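# Overview (structure and organization)
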Amino acid sequence: MALEHADVLRAAHLARLGMDDEEAARYLDDLGRILEMVDQLQALDTQGVAPLAHPLDATQRLRADEVTESDQRETFQRCAPAVENGLYLVPRVVE
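Fair warning: this is a prediction, and the values are worked out from it, not measured in the lab.

### Describing the overall build of the chain
Summing up its helical and strand segments, the chain has three helices and two strands in all. Secondary structure elements of the chain, listed N to C terminal, follow the sequence α-α-α-β-β. In summary, the chain has a C-alpha radius of gyration of 28 Å against a globular reference of 12 Å for 95 residues, an excess of more than 25%. Taking the principal axes of its C-alpha atoms as reference, the chain extends roughly 65 × 45 × 25 Å. Scored against the burial criterion, the 95 residues of the chain give a buried share of 6%. Across the chain, every contact between residues at least 6 apart in sequence was considered, and the portion connecting residues at least 24 apart equals 22%. Taking the average place of the 9 positive charges on the side chains of the chain and the average place of its 19 negative ones, the gap between the two points comes to 10 Å.

Cut-offs used in this document
- Residues numbered from 1 in each chain as written.
- Predicted model: local features only at pLDDT ≥ 70, side-chain atom pairs only at ≥ 80, totals over all residues.
- Heavy atoms only, no water.
- Helix = DSSP H or I, 4+ residues; strand = E, 2+ residues; numbered from the N terminus.
- Rg over C-alpha atoms; globule rule 2.2 N^0.38 Å.
- Buried < 20%, exposed > 50% of the residue type's maximum accessible area, 1.4 Å probe, protein only.
- Contact = heavy atoms within 4.5 Å.
- Lys, Arg positive; Asp, Glu negative; His and termini not counted.
- Charge placed at Lys NZ, Arg CZ, Asp CG, Glu CD.

Laid out in structure tokens, this is it:
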């Protein structure tokens, strides 16, 4: 895919980036190399290659799902400006 100077300036405009012509020329070269690499990757035969989420077959250690703090709801609701049936009442912001 051929990338042109105007394409870089348009992408910068859409991303709300201020970019002059000199910067756009540098990015044009960099983006061109990136697109060439993407083309090379698309040319590879990936038939039979299973997709994966992570290159390492690792599992995440999880802590036990146990209660570690006491229920302090009554304490916190006593200092709230407005509470009803265990819920905090707040002013309506959407009409």
